[in-house]
Structures are given as structure tokens and as C-alpha cells.
Amino acid sequence: MSTRWRHPGWSGAAIYAVAAGLVGAVLTVVARLQVAGVRGRAAVVRRLPDGPVIVISNHTSYADGLLLAIVCRRLGRSARMLAAAGVFKAPVIGPVARRIGFIPVNRGAANAAEALGPAAEALAAGELVAIFPEGRLTRDPDRWPEKAKTGAVRLALQTGAPIVPVALEGAYRVVGRRKLVSSLLRNVLLRPKVATAVGEPIDVRGLLQGPQTPDEIRRVTDVVWSRLIDLVEQLRGQEAPDAVGVEPDAVTPV
């Protein structure tokens, strides 16, 4: 199966709109999603930029992908989410994911640049690409972000697309690590709040202080990720511990 990205076209956009509407309707039953709700320390962003954009977010829940897609829709853009190439082989889900422009990522690629190739194709077409740089659900006991992988920054350096950090807080209350069905049934009664904060676009190339060596890309990644952590702090109303965002890398390469 090819892992190249396929532009969704008008029919894919229509399917995306219908799917987003259905998911959004279900979401209003099980949660209260507050989009770009931070005021005071951070400006409230009302719309995401046009053109190629990379959105990054923290990862605390299996619901994060759907929540982030809905947030982007409410801010004026359709997100092309990254998904493992194997997802596109699944019955029903696979064809739908490809038809609405989700992006296959070959995690077994010989190098990381090859793994991100389809995402670069989507950005070249002017799309918004959404990435969870941690590469897995955070394992921090207090659900603070773990160390980010460098894929989003490398993609931004390659394509020139800005990175927009979008923090999610409370998604783990919608769907946790276990007891999916019971969590959703409980949420019909409790409707937990999921708050979001959207940062200003980051010109990643402008952060470079020298050649694009692995160490320099790592440094820029940490700078970008610190801005996402700042947004999480604002949503929580507390400062992150010193170790947050500097934990060892997870296994997955992107």
C-alpha cells in the first residue's frame, strides 16, 4: 500500500464536514469543549492562519485526536491528522481516513525524513497538519507533557510552515487509559470540561542560531515545546515542575 498523501478534494471535504458535525454533536453530549479559552496571560486566538500550518498539541487521552480536529474546525481549518500507515489498511476506518485527507506515517521508514514525507506533501498543498510530538500518551503521573520529538520542527524547517501550539487540558476526563465505555456513560451525566489555549504562530526558521545540526534541531524543538508547556500552565493555573518536557524520548520515531 502506498503511503503517499492523497488530497481529499471536494468530496473528501464534504465527508470531513459531515463527520466533524457528527463527532461534534456527540462531543457536546459527553464533554464541554472550551476553545481558546485562556484570557489574561495569553491572548485568545480566534482563527488559525491560512496556508500551510503545523499544529502541535500535548497528548493525555485517546480522545485527543478527535478533540484537536474539532478545535481546528472551530478555528476555521480542517486538520489533516497523522496516523500510522497500518490504520489505512483497516476496514471502513482506513478508506474513510484516506478519503478525508488524514496522513499515513510509515513509522518503520529507514529515516525520519521519509516517515514525514506524506506530511510534507500535505503542507505543500496548503493544508494544516496536526501532530502530537510526544509520540504517545504522556506517562507523567500528573499528565504534564513529556519530551517532544523533533519531527514537527524538522517538518517546519523543511517546508517553511509555521508551528501553532494548541494545549488541551481535561481530555483525559473524557476518555482515559481504561474503561472506555464506562467513561463515556459517566460523562453523559458529568460533561467534563476540556479547555484549550492556542498560541501564536512560531517561525521555526527564525529560531535557528546556526546550521541545522541534530543538536540545533533538538534545541529549537525544546524552545517550541516550551511554548506549548506555557499554554498548559496557563490552563492549569500552575507552573510545571522543572523536569517536565525533558523526560527521555519515547520509542516511536516521529
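Criteria and cut-off values
Residues numbered from 1 in each chain as written. Predicted model: local features only at pLDDT ≥ 70, side-chain atom pairs only at ≥ 80, totals over all residues. Heavy atoms only, no water. Helix = DSSP H or I, 4+ residues; strand = E, 2+ residues; numbered from the N terminus. Contact = heavy atoms within 4.5 Å. Areas by Shrake-Rupley, 256 points an atom, 1.4 Å probe, with all protein chains shown as cover. Buried < 20%, exposed > 50% of the residue type's maximum accessible area, 1.4 Å probe, protein only. Pairing = 2+ DSSP bridges. Polar contact = N/O pair within 3.5 Å; in protein donor to acceptor, adjacent residues only side chain to side chain. Expected span 1.5 Å × (residues − 1). Phe/Tyr/Trp six-rings, centres within 6.5 Å; stacked < 30°, edge-to-face > 60°. Lys NZ or Arg CZ within 6 Å of the ring centre and 35° of its normal. Salt bridge = Lys/Arg side-chain N within 4 Å of Asp/Glu carboxyl O. Axes fitted to C-alpha atoms, helices over the stretch in contact; angles between N-to-C directions. Parallel < 35°, antiparallel > 145°, perpendicular 65-115°, else oblique. Left-handed = near helix turned anticlockwise from the far one by under 90°. Nonpolar A, V, L, I, M, F, W, Y, C, P; charged D, E, K, R; others polar.

Digging into the overall build of the protein chain
Inference 1: For the protein chain, the helix and strand inventory stands at nine helices and seven strands.
Inference 2: Residue pairs at least 24 apart in sequence account for 78% of intrachain contacts in the protein chain once pairs closer than 6 positions are excluded.
Inference 3: Element-wise, carbon and sulfur atoms account for 57% of the exposed surface of the protein chain, whose accessible area totals about 12100 Å².

Description of the pairing of strand 7 (residues 193–198)
Inference 1: Among the six residues in strand 7, five count as buried, and that is most of the element.
Inference 2: Direction of pairing for strand 1 (residues 32–34) relative to strand 7: parallel, over a ladder of three bridges. Counted as the bridge partner of Leu33 is Val194 from strand 7.
Inference 3: Sheet analysis places strand 6 (residues 163–169) next to strand 7, joined by four bridges and oriented antiparallel. In the sheet register, Leu168 faces strand 7, and the bridge partner there is Thr196.

So, the side chain of Glu169
Inference 1: Tracing the sequence through the fold places Glu169 in strand 6.
Inference 2: Of the polar contacts made by the side chain of Glu169, one reaches the side chain of Arg236; its length is 3.1 Å.
Inference 3: If near-sequence neighbours (up to four positions away) are discounted, Glu169 is found in contact with Lys193, Val194, Ala195, Leu235 and Arg236.

Examining the environment of Asp203
Inference 1: With respect to the helices, strands and loops of the structure, Asp203 is situated in the loop between strand 7 and helix 9 (214–236).
Inference 2: Between the alpha carbons of Asp203 and Gly160 there is a distance of 7.9 Å; along the sequence they are 43 residues apart.
Inference 3: Looking at Asp203, its side chain comes within polar contact range of the main-chain nitrogen of Arg205, at 3.3 Å.

Regarding helix 9
Each α-helix turn comprises 3.6 residues. Residues three or four places apart therefore point the same way.
Inference 1: Across its 23 residues, helix 9 extends 32 Å between first and last C-alpha, which sits within 8% of the 33 Å expected from 1.5 Å per residue.
Inference 2: A positive phi of about 70° marks Gly237, the residue just after helix 9.

Digging into the packing of aromatic side chains
Between two aromatic rings, the relevant description is the distance of the centres plus the angle of the planes.
Inference 1: Taken as a whole and assessed by the stated rule, the structure comprises one aromatic pair.
Inference 2: Ring geometry for Tyr16 versus Phe102: centroids 6.3 Å apart, planes at 65°, classification edge-to-face. Residue Tyr16 is located in helix 1 (residues 9–30), and its partner Phe102 is located in the loop between helix 3 (93–99) and strand 4 (103–105); the two are separated by 86 residues in the primary sequence.
Inference 3: The ring centre of Tyr172 lies 3.9 Å from the NZ or CZ of Arg143, which sits over that ring.
Inference 4: The ring of Trp144 carries Arg236 above its face, with NZ or CZ at 4.1 Å from the centroid.

Section: helix 5 (residues 117–124)
Inference 1: Of all the positions in helix 5, only Pro118, Ala119, Ala120, Ala122 and Leu123 are classed as buried.
Inference 2: The first or second residue beyond helix 5 is Gly126, which carries a positive phi of 85°.

Some words on the pattern of salt bridges
Inference 1: On inspection of all chains with the given rule, the structure shows six salt bridges.
Inference 2: Of the charged contacts in the structure, one is a salt bridge between Asp50 and Arg47, with a shortest N-O distance of 3.5 Å.
Inference 3: Look at Asp50 and you get exposed, because its relative accessible area is 60%.
Inference 4: Taking the shortest distance from any N to any O, the salt bridge between Glu127 and Arg80 comes out at 2.9 Å. Placement of Glu127 in the loop between helix 5 and strand 5 (128–131) and of Arg80 in strand 3 (residues 79–84) is noted, with a sequence separation of 47 residues between them.
Inference 5: The exposure class assigned to Arg80 is buried, which follows from its relative accessible area of 6%.

Topic: the packing of helix 5 against helix 6 (residues 151–159)
Inference 1: Where helix 5 meets helix 6, the closest approach of the two axes is 10 Å, and the angle between their N-to-C directions is 45°. Our classification of the angle between helix 5 and helix 6 gives oblique. Note that helix 5 runs across helix 6; the crossing there is right-handed. Contacts from Ala119, Ala120 and Leu123 of helix 5 reach helix 6 at Leu155, Gln158 and Thr159.
Inference 2: When grouped by side-chain class, the residues that make up the contact of helix 5 with helix 6 number four nonpolar, two polar and no charged.

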